[in-house]
Amino acid sequence: MIRLLHAWVALWDRREPATAQVLVRIGVGLCLVFDLLWVRRHGLIEALWAPPPDGMAYAANRTLWAVRWFGASADAAEQMWWIATVAAAAFTIGLATRVAGVVYVLVAAQLAWLHPDGDRGIDIALRAVTLVMVCASGHARWSVDAWIRRRLGRPFPALVPAWPRLLLFGQVVWIYFSSGHNKTMPEWTPAGDLSALANVLSDPHFARYSADWVPAVYPLTQIATAVTMIFEWGAPLLFLLTWYHATADRPGRVRRLCNRLHLRWVWIATGVVFHVGIAIFLRLGIFPWGMLALYPVLLHPEELIRAEAWLRTRLTRSGTAA
Amino acid sequence: MGVWPKLRAGLITLAIVIALLDGCPMPQSAKERKVMERQLGPTAAGLVVDLDELRRDLLRPLRPAIDNAKLYQRWKLFAGAPKRRFRMWIDARAADGTWTTVYRVLDDDADLLADPLGYRRVRGAWNPRTGDGPRGSYRSFVTWVAGQVFDRDPAAVAVRVRMEKVLIGPRGGFAGTGEFVYEETRQRQDLRRREVRR
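Asker: Just give me the short version of the pairing of strand E4 (residues 174-187) of chain B, but keep the residues and values in it.
Answerer: All names here are of chain B. Bridge count for strand E3 (residues 156-168) against E4 is 9 bridges, and the pairing is antiparallel. Counterpart to Val-159 in the pairing with E4 is Arg-186. Between E3 and the antiparallel strand that follows it, E4, lie 5 residues; Gly-172 among them carries a positive phi value of about 95 degrees.

Asker: Give a description of the pattern of salt bridges that names residues and reports values.
Answerer: Two side chains of opposite charge can pair, provided their charged atoms sit close to one another. Summed over the entire model, instances satisfying the criterion amount to 26 salt bridges over all chains. For Asp-119 of chain A, the salt bridge identified is with Lys-70 of chain B, shortest N-O distance 3.4 Å. One end of the pair, Asp-119 of chain A, is in the loop between helix H6 (97-114) and helix H7 (121-134); the other, Lys-70 of chain B, is in the loop between helix H4 (63-68) and strand E1 (84-94), on a second chain. Exposure class is identical for Asp-119 of chain A and Lys-70 of chain B. Each is buried. In this structure, Glu-184 of chain B engages Arg-139 of chain B in a salt bridge whose closest nitrogen and oxygen atoms are separated by 3.2 Å. Placement of the pair is Glu-184 of chain B in strand E4 and Arg-139 of chain B in helix H7 (residues 138-152), with a sequence separation of 45 residues. Classification of Glu-184 of chain B as buried rests on a relative accessible area of 15%. Among the ionic contacts, a cluster of salt bridges with common partners joins Asp-35 and Asp-123 of chain A together with Arg-120 and Arg-121 of chain B.

Asker: Give me the lowdown on the packing of aromatic side chains, citing residues and values where you can.
Answerer: This model, assessed by the stated rule, comprises 17 aromatic pairs over all chains. Each ring, one from Phe-231 of chain A and one from Trp-267 of chain A, has its centre 4.3 Å from the other, and the planes form 20 degrees; the classification is stacked. Taken together, the residues span a long stretch of sequence, with Phe-231 of chain A in helix H11 (residues 218-233) and Trp-267 of chain A in helix H14 (residues 263-281) at a distance of 36 residues. Exposure class is identical for Phe-231 of chain A and Trp-267 of chain A. Each is buried. The interplanar angle of 45 degrees and the centroid separation of 6.2 Å between the aromatic rings of Phe-141 of chain B and Trp-144 of chain B together place this pair among those described as tilted. Note that Phe-141 of chain B and Trp-144 of chain B are positioned in helix H7 at a spacing of 3 residues, about one turn of the helix. In this structure, Phe-141 of chain B and Trp-144 of chain B share a single accessibility class: buried. An aromatic cluster is present here, built from Tyr-176, Phe-231, Trp-267 and Phe-274 of chain A joined pairwise through their rings. The ring of Trp-265 of chain A is capped by Arg-264 of chain A, whose NZ or CZ atom sits 5.0 Å from the centre of that ring. Its end group placed over the ring of Trp-113 of chain A, Lys-70 of chain B keeps NZ or CZ at 5.0 Å from the ring centre.

Reading the values: rules and limits
Residues numbered from 1 in each chain as written. Chains lettered and ligands numbered in written order. Predicted model: local features only at pLDDT ≥ 70, side-chain atom pairs only at ≥ 80, totals over all residues. Heavy atoms only, no water. Pairing = 2+ DSSP bridges. Helix = DSSP H or I, 4+ residues; strand = E, 2+ residues; numbered from the N terminus. Salt bridge = Lys/Arg side-chain N within 4 Å of Asp/Glu carboxyl O. Buried < 20%, exposed > 50% of the residue type's maximum accessible area, 1.4 Å probe, protein only. Phe/Tyr/Trp six-rings, centres within 6.5 Å; stacked < 30°, edge-to-face > 60°. Lys NZ or Arg CZ within 6 Å of the ring centre and 35° of its normal.

In structure tokens:
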């Protein structure tokens, strides 16, 4: 038991290069900024966050600090949009990253309380991720903070605490697993003919295209429904598969088989295909991109270092050739 | 090993436990509880309800902090995917009483405001729950969208928003039933009067 506790403490005390955390900061930040700019481009700030009759913020009341501070009006919605957008942009470029993250989460939560129906699952997920990132070292590279620290002669260390990445890894796994065990309707099972994805793709409120093509590929949608359920229910196995991959030199038949079949990569690739498919066929806004922005946490730091080195070599080569 | 790594590991463990408690798949609505009772029987269902009470009690002191960030850990992406769905229609009425459809989901001939209406946060206001009717912001949505239509169509005197029940076929695709629900109408004069009062 003591040994287990020591191992648990040591797990959260690990250090690693900041690459994964940096990529998550930039990816998540870009999604947030894009989403807020989209709202502005289509003139929806007042519509979403001003109280009726100008907008849909039917839940605006004085229990919300945003209403006590800014009031409940179109102007207040505009001010809060600006604060959220500036904070999200600062978070993305890594300028006062931690403060920016906290400000974004608090203001975004108030916007969500003003108009609860406009607050979707991905907004909640990205708020949770941003909160973890506030404690992380996602600003240790490719950020204004890192640049300032270098200029001051106090650069960030090359290795940073790994626990935020590990915690986000757990968050990603939980999002999928929770989605899986909340799918209790028969359409997701053989009892409902595995018709869930065909139904979703045919739902006019979510489908990107007319549903005329769906019956022609119905068997494929059934397979995709089954794969989705296996993928989501199997998400916790990713812990084990990642462990097997990291300890490939240890003995064990199951470990060897999982590594030989590249099951970890199969799971990750399935997730990528799942989200790209959603982006192509459904209108769910930033949901697929927000989730994919979290995928760097699923990779080993060395894999990201190798990928970065490969990319740099390619860029240098193409630069020399040019 | 110093104190900080142990303390940090403890805090992280606490955070994980809180998240798991919050994300525990307990039945939330009365409808879900009824289904659970049917499937598990009254004794087991009673035990689950007691456990849920305990879970809520444990989370209660943390609720203000969780609410400040409006977080939860119970994820539902298309948890239900039934065949009975809806299709929103927005119609404008001219002074002579004729109705014209200005927007209908996935209709290229009636696509006024298609981009903003398709945006996920706006859809959250108008897309009805499968079995529980329109959402809290539906009426405010209708007022807002009516104002948008009046701004763009000076001839419109009234705007009507309604949901057509559609049925998804056994192999996908959908067909309208011609039956409409959740109909809300706004008159231009009412919106103007409200504008003047403000």
